[in-house]
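Overview (structure and organization)
Listed below, chain by chain, are the residues.
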Amino acid sequence: MRLIFSFLPCILRLNAETHENIMTDTKTLYAAYAGTIENALEALVAEGTLPDGTSFANVTLEPPRDASHGDLATNAAMVLAKPAKTNPRALAEALAAKLEAHDGIASADIAGPGFINLRLDPAAWLGELEAINRLGDEYGRSTMGEGRTVNVEYVSANPTGPMHMGHCRGAVVGDALASLLELAGHTVIREYYINDAGGQVDTLARSAHLRYREALGEDIGEIPEGYYPGDYLIPIGEALAKELGDKHQNEPEEEWLPYFRAEAVEKMMDLIKSDLALLGIHHDVFASEAALHAAGKPDEAEAWLRAHDLVYDGVLEAPKGKAPPEDWEPVELPLFRSTKFGDDQDRPIKKSNGKWTYFGADLAYHIQKAENADELIDIWGADHAGTVKRIKAAVAALSEGKGTPTPFDVKLVQMVQLMRGGEPVKMSKRSGNFITIADMVDEVGKDVVRFTMLTRKPEAQMEFDFAKVVEASKDNPVWYVQYAHARIQSTLRKALEEEGVSPSAANLDQLGAEEITLIQRAAQFPREVEAAAKAREPHRIAFYLYDLATDLNAFYSLGNTAVEKRFIVKQDKGLSGARLFLADSIGQVLRNGLRVLGVEAVDRM
RNA sequence: GCGCCAGUAGCUCAGCUGGAUAGAGUACCUGACUACGAAUCAGGCGGCCGGAGGUUCGAAUCCUUCCUGGCGCGCCA
């Protein structure tokens, strides 16, 4: 069987006879009805209404745009009319007739160009409410990923200083994406690539040595040009002085450089890890570029590429457009044929001094990652957009050459403009004077930083205004979602303490249309998880949670003018128990969503 | 000159990978608290989805081409 519904590739094995088990099953409601539709379509195939082998890949099951249209809508008739050589409405009638015969389906109406709108028996939605309660933290988990291992590489900041604002968005997006893919049934490796082999780490080592001499009492004066000036190196120098005494103070550079480099990188990584921990981020693997070189991986890759005529020795043309640099000289270098894959220029994998370029090492690194993963995802800053084509080309060529090609996706995150009350915050990395992640978390808190970074799609630029993100209002999504959760918890506490009532599924049949509207939103969570995971867009979960919070608050407010619509109805413990069961379940979904984002669901605020 | 990303309500942004009458927040106007948390809720106003062609039952979404803004364009990382 090929598939099927694009958002639920692997849960659709139900057959019609098991329908009555749907509500007691672990399958969530959308998955169950997607299965029902698929069965109906297969029946049409068996009857000859649809040709054998018809693909259902474009068939969707969604909530209708307008609630008055019903509970669920499918486009099946429109998508399949062409292969069936009929018109959408005729096919819709055949399909609707089959669907209407099912127990849980109250009606199947044809609308517009051929949509089929389904209305479900209320019991179906109440069953979903019980599913949320029963599955708890697991509600929303999907088997979509089929256990495939995905390596998500994110942050990978150079180990030359603390994490600053520029790293923040990629860090949060990468981490949330990793969690999202886990929830969607993948095995995820969170990986960080340490660029500990280039010229920058030599600069770091020299800067650390300078601070070391300073710690030994030397007057180093102003930090000279070409050194990292930041204060964060002072404690590193002090630690090295304490550890080593003065034995490296007056040695020539080649004596101390390798050791200082290794020490400084290690200490910088400790710093970076503690910064990441402030954001709740922990990687599984820290891969060293130096170790990659030591293992000869780039040489292996080069040999393979040369053998397949994908690397040759050639001369690059001077850059076009802007005036070429004055010191431009044509030099013969080993070049990767990235033009064969749509790049505008072939790219050198080695420098004229014989060392590997970043790209030369990076392609070998990706092959290393592919050894332990079925799919690769990189999260990069948009300033590296120009290098996407070459690395994708190289990975495609190399991974295909070594067997099956490894799917590889590069997600670019755009810059964040820091603001304070509408004014841009100036920062200059050169002066060593920049806003660090530690500063940000200290000022507004981890949850605010994380959630805010996820309230725009990553490939669009965004502003982060220190004043706005801590506002306590509906305009601030972090606050609003947490408020909804706190409100639920407060209600549950109050019900128990003052009325002695707890959530109970005993009287769910007392819940009406307004409650079911809320359940319908909650029931979309598993679907949102799969759609977001498929698109690799964790921000969708943030927007979904905001919508769910809106619905919760709307329902809650009904009780302001109508006491009988409150969660706690004083004279009616049965109804109260059912409503609290609903409240508890909405809280559960909010928690599950927030967990993907790495944001805490607070009980009070 | 080339590449990538963006352009949707006055402003900040969604839009479920091609579906029904394009949605939220904000701002502005109107209404709702002897509170299960009003830091909230309900309603109103507001659109040539940057422009122009095309693809098809159907386009904000896909293709072509312009316009505007951001990022990038030796062997840096």
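Residues numbered from 1 in each chain as written. Chains lettered and ligands numbered in written order. Predicted model: local features only at pLDDT ≥ 70, side-chain atom pairs only at ≥ 80, totals over all residues. Heavy atoms only, no water.

1. Examining the packing of aromatic side chains
Applying the stated criterion across every chain, the model contains 15 aromatic pairs. Centre to centre, the rings of F464 and F466 are 5.4 Å apart; their planes meet at 85 degrees, and the pair counts as edge-to-face. Here F464 and F466 have matching classes, each one buried. Ring centres of W479 and Y483 lie 4.7 Å apart, and the angle between their planes is 15 degrees; this geometry places the pair in the stacked category. With W479 and Y483 both in helix α15 (residues 477-499) and four residues apart, the pair spans about one turn of that helix. Note on W479: relative accessible area 23%, which makes it partly exposed. On the accessibility criterion, Y483 (27% relative accessible area) is partly exposed. Through successive ring pairs, a cluster of aromatic residues spans Y212, W256, Y259 and F260. Here the guanidinium or amino end of K350 rests over the ring plane of W356, the centre of that ring lying 4.6 Å away. Positioned over the ring face of F466 is R420, at 4.5 Å from the centre of the ring. (Phe/Tyr/Trp six-rings, centres within 6.5 Å; stacked < 30°, edge-to-face > 60°. Buried < 20%, exposed > 50% of the residue type's maximum accessible area, 1.4 Å probe, protein only. Helix = DSSP H or I, 4+ residues; strand = E, 2+ residues; numbered from the N terminus. Lys NZ or Arg CZ within 6 Å of the ring centre and 35° of its normal.)

2. A look at the protein's contact with RNA strand B
Taken together, 72 residues lie near RNA strand B, and F115, R456, W479, Y480 and R487 sit nearest. Considering RNA strand B, the proportion of its atoms within 4 Å of the protein that are sugar or phosphate atoms stands at 61%. Take K474: an N or O atom from its main chain is 2.8 Å from a phosphate oxygen of RNA strand B. Grouping the constituent residues of the surface near RNA strand B by class yields 29 nonpolar, 24 polar and 19 charged. (Near = heavy atom within 4 Å. Polar contact = N/O pair within 3.5 Å; in protein donor to acceptor, adjacent residues only side chain to side chain. Nonpolar A, V, L, I, M, F, W, Y, C, P; charged D, E, K, R; others polar.)

3. Some remarks on the domain arrangement of chain A
Taken domain by domain, chain A consists of domain 1 (16-120), domain 2 (153-195 + 285-413), domain 3 (199-278) and domain 4 (477-597). Placing the centre of domain 2 and that of domain 4 at their C-alpha centroids yields a distance of 45 Å. Listed by partner, the interface residues are 12 residues for domain 2 and 11 residues for domain 4. Taking both partners together, domain 2 and domain 4 bury about 990 Å²; carbon and sulfur atoms supply 72% of that area. Here domain 2 is connected to domain 4 by two residue pairs in polar contact (both at pLDDT 80 or more). Of all the secondary structure elements, the ones that give two or more residues to the side of domain 2 that touches domain 4 are α5 (165-183), β11 (375-381) and β12 (408-413). Broken down by element, the side of domain 2 that touches domain 4 gets its largest block of residues, seven residues, from α5. (Domains from an automatic or database assignment. Contact = heavy atoms within 4.5 Å. Buried area = accessible area lost by both parts, 1.4 Å probe.)

4. Some points on the packing of helix α6 (residues 199-215) against helix α8 (residues 253-278)
Remark: α6 packs on α8, axes separated minimally by 8 Å, with the N-to-C direction vectors making an angle of 95 degrees. Judged by the inter-axis angle, α6 sits roughly perpendicular to α8. Contact residues: α6 offers V201, D202, L204, A205, R206, A208, H209 and Y212, while α8 offers E253, W256, L257, F260, R261, A264, V265 and M268. (Axes fitted to C-alpha atoms, helices over the stretch in contact; angles between N-to-C directions. Parallel < 35°, antiparallel > 145°, perpendicular 65-115°, else oblique.)

5. Some details on the sheet that holds strand β14 (residues 423-424)
Reading across the sheet, the three strands line up as β14-β13-β15 and stay open at both edges, with mixed pairing between neighbours. Two strands in the sheet have a free side with no partner beyond their single neighbour: β14 and β15 (462-465). Here strand β13 (residues 416-420) runs beside β14; their pairing, made up of two bridges, is antiparallel. Directly across from R420, in β14, lies its bridge partner E423. Seen against the sheet, helix α14 (residues 446-453) touches β13 and β15 and runs at an angle of roughly 160 degrees to β15. (Pairing = 2+ DSSP bridges.)

6. As for the sheet that holds strand β7 (residues 285-288)
Read from one edge to the other, the open sheet built from five strands follows the order β7-β6-β5-β11-β12, with strand pairing classed as parallel. Each end of this open sheet is capped by a strand with a single partner; those strands are β7 and β12. Averaged over neighbouring strand pairs, the angle between their axes works out to 25 degrees when direction is ignored. Pairing analysis gives five bridges linking strand β5 (residues 149-153) to strand β6 (residues 187-194), with the strands arranged parallel.

7. Considerations on the pattern of salt bridges
Enumeration over the complete set of coordinates arrives at 35 salt bridges. R211 serves as the salt-bridge partner of E214, at 3.0 Å between the closest nitrogen and oxygen. Taken together, the positions of E214 and R211, both in helix α6 and three residues apart, correspond to about one turn of that helix. Of the charged contacts in the structure, one is a salt bridge between E499 and K570, with a shortest N-O distance of 3.3 Å. Of the two residues, E499 is situated in helix α15 and K570 in the loop between α18 (539-561) and α19 (573-597); the sequence distance between them amounts to 71 residues. (Salt bridge = Lys/Arg side-chain N within 4 Å of Asp/Glu carboxyl O.)

8. Description of the confidence of the model for chain A
Chain-level pLDDT for chain A is 89 on average; 93% of the residues reach the 70-or-more range. Contacts of residues 1-25 to residues separated by more than four positions or lying in other chains number 68 contacts, the stretch itself having pLDDT below 50. (pLDDT = per-residue confidence, 0-100.)

9. Overview of α6
The first and last C-alpha atoms of α6 sit 24 Å apart over 17 residues, in line with the 24 Å expected at 1.5 Å per residue. The secondary structure elements touched by the buried residues of α6 are α7 (233-244) and α8. (Expected span 1.5 Å × (residues − 1).)

10. Overview of unusual backbone geometry
Glycine aside, a negative phi is what most residues show, and trans is what most peptide bonds show. Non-glycine residue K85 carries a positive phi angle of around 55 degrees. Relative to the helices and strands, K85 resides in the loop between α2 (76-80) and α3 (88-100). What makes K85 exposed here is its relative accessible area of 78%. In this structure, E146 takes a positive phi of about 50 degrees despite not being glycine. Its location among the elements puts E146 in the loop between α4 (122-135) and β5.

11. Some remarks on the packing of α15 against α19
Two numbers describe how α15 lies on α19: the axes approach to 10 Å, and their chain directions differ by 145 degrees. In terms of crossing hand, the pair formed by α15 and α19 is left-handed. The segment α15 lies against α19, with V481, A484, H485, I488, Q489, T491, L492, A495 and E499 engaging K573, L580, A583, D584, I586, G587, L590, R591 and L594. Across the contact of α15 with α19, the residue classes break down as 10 nonpolar, four polar and four charged. (Left-handed = near helix turned anticlockwise from the far one by under 90°.)

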